[in-house]
Amino acid sequence: MPYFSTPDGTELFYRDYGTGTPVVFVHSMLMSSDMWQHQMLHLTEHGHRAIAYDRRGHGRSDDPGAGYEFDTLADDLAALLTRLDLTGVTLVGHSMGGGEVIRYLTRHGSERIGRIALVGATAPHLNATPEIVTGLLNQFRTDYAQWVTDNAALSFGDGPIPQLEKEATIRDWMRVSLHAAIECSRINLAADFRTEATRITVPTLILHGDHDAFAPLQTCGQHSANLIPDSKLFVYKNASHMLHLSHRTHLNRDLQELAQS
């Protein structure tokens, strides 16, 4: 299996399929690059190169016990793009991954990036109260499995997701490092990308569900659209957080059109 090294020596797993213009996927918190397999398959079948990696502490990547802040996570993404010497990239981030995409652009610039997509992104700012943060982190510490059980249905929404797909997603959540889950939750809930969003200069597509309980449309998707110059917002009807599963065909088409633009 292919791995690449980050500046601090952490080894991260990645997949690299197909040929053509590159599309690089950044997965959501708690999950792995497995979440993007349907999108990767679709794009490679339509003439694109699809690349996705596991964030540190997630999936098959190393869990170094450190580096769970957006600067380091953006540097990890930069290490992948440099390793593969990618240019003209369509960069796609889901949930917390949207913040990593924004931080990459403001920290490393847009030389390698042609366009971005924010899919159900928690950026620019969740505005979580200290009580919410403390409560979530305490629940993760005491019974993370119960939190997953309690929140899975809310994340999936009412979309037509096969039961086996739901079970596979839950298994993915359960293999994350608990340390990484806690630290990523801490930094994601506190993150504020409002100023950085105004500095994005590449074409930006924002794809968001109107029933997203984890990244509310008005707080996240609509707010990002208001801040990012010349961005486009597509609202998915009757959609929650897992657009890559519940609205797979719609999302595949939108990402393909973006990558070809």
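It should be noted that the structure appears before, not after, this text.
Now for a description of the structure that goes with this document. Keep in mind it's a predicted model, so treat the numbers as computed, not measured. (Residues numbered from 1 in each chain as written. Predicted model: local features only at pLDDT ≥ 70, side-chain atom pairs only at ≥ 80, totals over all residues. Heavy atoms only, no water.)

### Quick notes on the packing of aromatic side chains
Here is the rule: Working definition: rings of Phe, Tyr and Trp (its six-membered ring) pair if their centres are within 6.5 Å, and the pair is stacked with planes under 30 degrees apart, edge-to-face with planes over 60 apart, and tilted otherwise. The way it works is that DSSP assigns letters per residue, a run of H or I at least four long becomes a helix, a run of E at least two long becomes a strand, and they are numbered from the N terminus. Buried, partly exposed and exposed residues are distinguished by accessible area as a fraction of the type maximum, computed with a 1.4 Å probe on protein chains only: under 20%, between the cut-offs, and over 50%, respectively.
Under the criterion given, the structure shown has nine aromatic pairs. Their ring planes at 70° and their centres at 5.8 Å tell us that tyrosine 3 and phenylalanine 13 sit as a pair that is edge-to-face. Here tyrosine 3 is found in strand S1 (residues 3-5), whereas its partner phenylalanine 13 is found in strand S2 (residues 11-17), with ten residues between them in sequence. Look at tyrosine 3 and you get partly exposed, because its relative accessible area is 26%. The class for phenylalanine 13 is buried, based on a relative accessible area of 4%. Ring geometry for phenylalanine 25 versus tryptophan 36: centroids 4.8 Å apart, planes at 35°, classification tilted.

### Some remarks on empty space enclosed by the protein
Sizing a probe to match a water molecule and rolling it over the atoms shows the empty space that remains. What counts is decided by this rule: With a 1 Å grid spanning the protein atoms alone, the term cavity applies to any set of points in which a 1.4 Å probe fits but cannot get out, the term pocket to an open set with protein on both sides within 12 Å along at least five of seven lines, and the term lining residue to any residue with an atom within 4 Å of a point. Grid points are joined across faces, edges and corners, and a volume is the space filled by probe spheres set on the points. Residue classes follow a fixed rule: Ala, Val, Leu, Ile, Met, Phe, Trp, Tyr, Cys and Pro count as nonpolar, while Asp, Glu, Lys and Arg count as charged, and any other residue, Gly among them, counts as polar.
Evaluated as defined, the whole model comprises one cavity of 30 Å³ or more. Empty space within the largest cavity amounts to approximately 30 Å³. Lining the largest cavity we find Thr122, Ala123, Pro124, His125, Leu126, Asn188, Ala191 and Phe193. Across the lining of the largest cavity, the residue classes tally to five nonpolar, three polar and no charged.

### Here's the deal with helix H3 (residues 96-108)
To keep it simple, the criterion reads: The span expected for a helix works out to 1.5 Å for each residue beyond the first.
Between the first and last C-alpha of H3 there are 18 Å, a value that for 13 residues agrees with the 18 Å anticipated at 1.5 Å per step. The buried fraction of H3 amounts to eleven of the 13 residues, a majority that puts the element mostly inside the structure. For H3, the set of buried residues is Met96, Gly97, Gly98, Gly99, Glu100, Val101, Ile102, Arg103, Tyr104, Leu105 and Thr106. The first or second residue beyond H3 is glycine 109, which carries a positive phi of 85°.

### Focus on the layout of surface pockets
If you add up the space inside the largest pocket, you get close to 480 Å³. Around the largest pocket, the lining is made up of 25 residues, and of these Met29, Leu136, Trp147, Leu189 and Phe214 lie nearest the centre. Every element with two or more residues in the lining of the largest pocket is listed here: helix H4 (130-156) and helix H6 (178-190). Sort the elements by how many residues they give to the lining of the largest pocket and H4 lands first, with eight residues. Residues that form the lining of the largest pocket fall into these classes: 16 nonpolar, nine polar and no charged.

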